[in-house]
Amino acid sequence: MSGIDVDLAVNGLITGVFYALMAIGLSLIFGILKIVNFAHGEFYMVGAYAYTLIALALGVPVWIALPLAFVVGALLGWLTERTLMRPLYAGYTSWGLMRDEYAVIVTFGLSLFLINFVDKVIGPYAYRGPPLVETSRVVLGPVLISGHRLLAAGIAIAVIAVTAALIKWSFWGQQIRAVSQNRLGASLAGIDTAKASVIVFMLSGGLAAFAGALLSPVINASPDVGIFPAIKSYIIVVLGGMGSVPGAIIASLFLGVIESFGAVYISFQYRDAFGLILLMLFLLFRPQGLFGEKGREV
Amino acid sequence: MAGLLRRDMLGVALTVAAIMLPVAGAQAADPIKVGVTITQSPPGSVVQGTQVKDGLEVAAKIINDAGGVDGRKIELVIEDTQGLPEKARAAVEKLATRDKVVAITGEHQSSAALAGIEVAHRYKIPYINTNGWSDVIREKGYPEVFNPGNYNSRVGAAAAATMKELGVKRVVSIAENTDYGIGLAKAIGEALKKIAPDVQYKYETLDRASKDFLPAILPMRANAPDAIINLMLPPAAYIMMNQLYEQGVAPSAKTWLYDGSGLADYPDFWQNVKEAGKGMLVFGLYHPKMAQPALGKQVGEAYTAKTKNEPNRLLFQAADSLFLIADAIKRAKSTDSEALIKALGETKYTGTRGEITFSKDKGYAFNQWLDVPYVTFQLTEVNQKVGDSALVSQAGQPLDPAKLWKPAK
């Protein structure tokens with residue numbers, strides 16, 4: 001493996017970690033609500049702005065601004081669930097009666113609203129978030145990486161691990177998993193499914209916003225900054241298996257590495273097409289994704 | 001000094017008064033509607049759109065405050081194209097058919113301009129291309145389309161001349177995947193072939209919506225060129241510059257970074273690039289130390305009073321676009337399209353940047369103001385204002401190597 005290959009592998013894995021942080025929330029929402037949140041990229045955008053503006057405009061230290069960005073994303077998730085999502089299934093106990101097709105339109109509308117709202121209120125200019133560390137370059141053998149990117153990747157891995165552990169072992173995590181397996185059954189067992197939905201939306205919004213905050217010194221916050229990461233997240237959720245968190249993590253890393261090598265050895269022009277090609281291949285030969293369940297409800 | 005100022009002010013007064021001379025008394029009360037297509041929302045460059053809008057509004061105010069054109073006020077009818085060709089096409093269609101504007105201007109993105117001029121050509125309505133640099137816009141040979149702004153061949157020649165004067169051997173352009181970016185990358189290649197055939201040149205096209213350019217940059221780190229030319233617009237350009245800097249590629253002791261996209265004009269430039277911008281050479285269409293007609297100074301001051309920002313190139317290009325329309329209406333004594341197009345073709349007008357005339361040569365020179373003034377300057381400190389930067393090449397002069405700065409390592 002040449003020096004540049006090691007470089008590409010490391011950078012691909014780091015990109016994959018950020019993809020995972022973003023995609024987990026989307027996967028959780030699909031798992032429990034069976035809807036695709038088309039405003040997911042804008043939660044990311046809001047997080048990038050929240051971190052940058054809290055740190056730069058208010059002068060708050062970056063280590064406080066970072067969790068605050070998570071809180072802002074979680075609050076936006078809560079607001080979205082309570083005002084836009086809940087009316088879609090209020091009064092129904094069965095998924096068969098949920099008007100989930102409307103969720104596509106509602107979340108798509110929310111996405112457009114948030115992009116234009118930020119464009120008009122904050123302005124069209126890009127803002128670069130302050131880095132967590134000022135070290136511009138860290139040399140790790142053949143790999144040269146910015147200090148912020150390296151630290152951000154480490155934090156992202158830790159957050160992903162904590163999230164996965166919470167979902168697997170915590171009380172609310174177990175309830176979320178129960179609701180994702182069978183909402184009606186969970187409801188009959190006494191689980192508050194509405195509360196589970198709120199928690200998932202808050203967690204999803206918080207994680208996306210946290211990803212945006214971590215990357216704001218790299219991607220520079222702008223109103224449309226969330227569009228591309230959101231598209232990548234949709235691809236990852238399908239590749240990993242709809243609703244599967246481990247699947248989303250593995251698919252993220254896989255996509256990050258494939259894009260990194262493909263951009264150099266095939267063409268940078270087609271870099272964003274690699275994920276779509278993978279998506280088509282999976283839909284043709286393994287539509288359930290890496291870890292999704294093969295089955296269909298009627 | 002005071003005498004010079006009085007003479008400048010007299011010149012401005014005469015220019016504006018000339019625009020206001022009577023045209024046709026019958027429609028004196030009706031405003032003259034001028035259509036404007038700009039980007040006001042993503043994915044196009046909203047920053048550029050905002051600067052163009054400010055420039056047009058400043059020019060309209062100057063004209064209207066001085067009594068309008070033949071007593072008729074200028075009214076801007078603004079349409080948002082989002083920088084998208086399909087939206088630009090629809091916007092021009094609406095302006096021409098529903099709003100009945102006398103001319104269209106403001107467009108600042110080549111892809112959108114290329115779509116818009118097709119409709120303007122169909123309706124035979126004057127179209128002043130404010131900032132679409134693509135040579136293809138001129139090569140279409142549409143008699144309705146006039147270009148007082150910059151053009152790719154001009155930047156291509158300027159960049160190639162700078163590369164030759166820097167004595168570099170290997171040059172890579174990083175271009176966005178648009179008509180503007182790809183066209184400009186090719187124009188630089190053509191110019192280098194003519195004036196510096198020994199220079200090895202290639203260009204990479206990158207998606208302007210992308211947020212990670214490392215896979216394109218890493219191979220450059222392994223084999224760094226002598227100069228990298230940026231042909232991307234913000235915010236993608238900022239991300240690319242930061243990643244070039246983080247990887248130690250450019251600006252560096254080995255590699256120059258040359259900007260052909262006017263990045264330093266953007267008010268958010270330094271906030272987004274910081275150290276990555278220090279040492280960058282810039283193709284500049286505006287620099288406070290450039291010689292400028294009195295009208296330019298007046299527009300610059302009005303803009304600063306309105307926005308509290310320093311003047312920028314798009315401000316002047318936009319203002320000139322509107323002044324040219326007003327001047328043509330005055331000389332044509334009509335707002336009829338055919339008469340306006342004829343008058344625009346015969347333009348000889350001292351605007352904000354110099355005396356504007358339009359060439360009738362074929363190809364990229366068609367209906368183009370060929371002598372758009374430019375300079376080369378270098379940003380030598382973080383957060384440096386354009387006015388404080390090192391002017392390494394005055395308009396029409398070769399680069400002065402003694403003024404160049406390069407990182408030690």
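Since this is a predicted model, take the numbers as computed values, not measurements. Residues take numbers from 1 onward in each chain, read along the sequence in its written order. All chains are assigned letters beginning at A, and all ligands numbers beginning at 1, according to the order in which they are written. Where local features are concerned, this predicted model is filtered to residues with pLDDT of at least 70; where side-chain atom pairs are given and counted, the filter is 80 or more; whole-chain, interface and lining totals use all residues.

### With respect to the overall build of chain A
Point 1. Helix and strand assignments follow DSSP, with helices taken as H or I runs no shorter than four residues and strands as E runs no shorter than two, numbered in order from the N terminus. Of the regular secondary structure elements, chain A holds 11 helices and two strands.
Point 2. The dimensions of chain A, computed from C-alpha atoms along their principal axes, are 55 × 50 × 35 Å.
Point 3. Buried means a residue has 20 or more other C-beta atoms within 10 Å of its own C-beta, exposed means 12 or fewer, and partly exposed covers the counts in between; C-beta atoms are placed from the backbone. Among the 298 residues that make up chain A, the fraction classed as buried is 51%.

### With respect to the overall build of chain B
Point 1. Helix and strand counts for chain B come out as 13 helices and 14 strands.
Point 2. Taking 22 Å as the expected radius of gyration for a compact globule of 409 residues, we find that chain B reaches 21 Å, a close match to that expectation.
Point 3. Overall, chain B is about 70 × 50 × 35 Å in size when its C-alpha atoms are taken along their principal axes.
Point 4. For chain B, with 409 residues in total, the buried portion stands at 58%.
Point 5. Here, residues touch in the contact sense if the C-beta positions derived from the backbone fall within 7 Å of one another. Look at the contacts in chain B between residues 6 or more apart in sequence, and 73% of them connect residues 24 or more apart. In this setup the radius of gyration rests on C-alpha atoms only. A globule is expected at 2.2 Å times the number of residues raised to 0.38.

### A short note on the packing of helix H2 (residues 46-65) of chain B against helix H12 (residues 313-332) of chain B
Residue and element names in this part refer to chain B.
Point 1. It is the contact of H2 with H12, at a shortest axis distance of 7 Å, that shows an interaxial angle of 45 degrees. On the basis of their axis angle, the class for H2 and H12 is oblique. Classified by chirality, the crossing of H12 by H2 is right-handed. Contacts between H2 and H12 involve Gln48, Gln51, Val52, Asp54, Gly55, Leu56, Val58, Ala59, Ala60 and Ile63 on the former and, on the latter, Leu314, Leu315, Phe316, Gln317, Ala318, Ala319, Leu322, Phe323 and Ala326.
Point 2. For the contact of H2 with H12, the class distribution of residues is 14 nonpolar, four polar and one charged. Helix axes are fitted to C-alpha atoms over the stretch in contact, other axes to C-alpha atoms as well, and angles between N-to-C directions run from 0 to 180 degrees. For classification purposes, an angle smaller than 35 degrees is called roughly parallel, one larger than 145 roughly antiparallel, one from 65 to 115 roughly perpendicular, and anything else oblique. Crossing handedness is read from the near helix: turned anticlockwise from the far helix by less than a right angle, it gives a left-handed crossing, and turned clockwise, a right-handed one. Following the grouping adopted for this structure description, the nonpolar residues are Ala, Val, Leu, Ile, Met, Phe, Trp, Tyr, Cys and Pro, the charged ones are Asp, Glu, Lys and Arg, and the polar ones are all others, Gly among them.

### Points about the interface of chain A and chain B
Point 1. Between chain A and chain B, the contact holds 32 residues from the first and 33 residues from the second.
Point 2. Of all elements in the fold, only helix H1 (3-33), helix H4 (100-121), helix H9 (227-240), helix H10 (245-265) and helix H11 (271-285) of chain A reach the threshold of two or more residues within the side of chain A that touches chain B.
Point 3. If you tally residues by element for the side of chain A that touches chain B, the top one is H1 of chain A, at five residues.
Point 4. Looking at the side of chain A that touches chain B residue by residue, the class counts come to 16 nonpolar, nine polar and seven charged.

### Remarks on the sheet that holds strand S7 (residues 200-206) of chain B
Residue and element names in this part refer to chain B.
Point 1. Spatially, S7-S6-S8-S9-S10-S13-S14 is the arrangement adopted by the seven strands of the open sheet, whose pairing is mixed. Edge strands, defined here as strands with exactly one partner in the open sheet, are S7 and strand S14 (390-393). Going from strand to strand, the sheet's axes swing by 25 degrees on average, the running direction of each strand aside.
Point 2. Whether two strands pair depends on DSSP finding at least two bridges between them. Here strand S6 (residues 170-176) pairs with S7 via seven bridges, running parallel. Pairing of Val172 across the sheet is with Lys202, part of S7.
Point 3. Lying over the sheet, helix H6 (residues 152-166) contacts S6, strand S8 (227-231), strand S9 (256-259), strand S10 (281-284) and strand S13 (375-378), oriented at roughly 145 degrees with respect to S10.
Point 4. Running at roughly 160 degrees to S6, helix H7 (residues 179-195) makes contact with S6, S7 and S8 of the sheet.

### A few points about helix H5 (residues 147-169) of chain A
Point 1. Helix span, expected: 1.5 Å multiplied by one less than the number of residues in the helix. Taking 1.5 Å per residue as the helical rise, H5 of chain A with its 23 residues ought to reach 33 Å, and the 33 Å between its terminal C-alpha atoms agrees with that figure.
Point 2. In the core, the buried residues of H5 of chain A are packed alongside H1, strand S2 (143-145), helix H6 (171-181), helix H8 (193-219) and H10 of chain A.

### Things to note about the domain arrangement of chain B
Residue and element names in this part refer to chain B.
Point 1. For chain B, the domain assignment lists domain 1 (2-150 + 291-365) and domain 2 (153-284 + 379-403).
Point 2. Between the C-alpha centres of domain 1 and domain 2 there is a distance of 29 Å.
Point 3. With 18 residues of domain 1 at the contact, the number on the domain 2 side is 19 residues.
Point 4. Counting only elements with at least two residues in the side of domain 1 that touches domain 2, the list comes to helix H4 (110-123), helix H5 (135-139) and H12.
Point 5. Top element by residues in the side of domain 1 that touches domain 2 is H4. It accounts for three residues.
Point 6. For the side of domain 1 that touches domain 2, a count of residues per class yields seven nonpolar, eight polar and three charged. For the domains described, the bounds stem from an automatic or database domain assignment.

### Describing the nonpolar core
Point 1. Residues Leu21 and Ala209 of chain A together with Ala59 and Leu322 of chain B are the most contacted members of the largest nonpolar core, which totals 217 residues.
Point 2. Of the residues forming this core, the biggest block, 17 residues, is contributed by H1 of chain A.
Point 3. Each of domain 1 (2-150 + 291-365) and domain 2 (153-284 + 379-403) of chain B accounts for three or more of the residues forming this core.
Point 4. Here Ala209 of chain A is in contact with Phe43, Tyr44, Val46, Gly47, Ala50, Ala69, Phe70, Val72 and Gly73 of chain A, once residues within four sequence places are set aside. To define a nonpolar core, we join buried Ala, Val, Leu, Ile, Met, Phe, Trp, Tyr and Cys residues through C-beta atoms within 7 Å and take the resulting set.

### So, the pairing of S10 of chain B
All names here are of chain B.
Point 1. Side chains Leu281 and Phe283 project from S10 onto one buried face, and the interleaved Val282 and Gly284 project onto a second face that is buried too.
Point 2. For S9 and S10, the ladder comprises two bridges, and the chain directions are parallel. Paired with Asp259 across the two strands is Val282, which belongs to S10.
Point 3. One ladder, built from four bridges, connects S10 with S13; its direction is antiparallel. Each residue of the ladder has a partner; that of Gly284, found in S13, is Val375.

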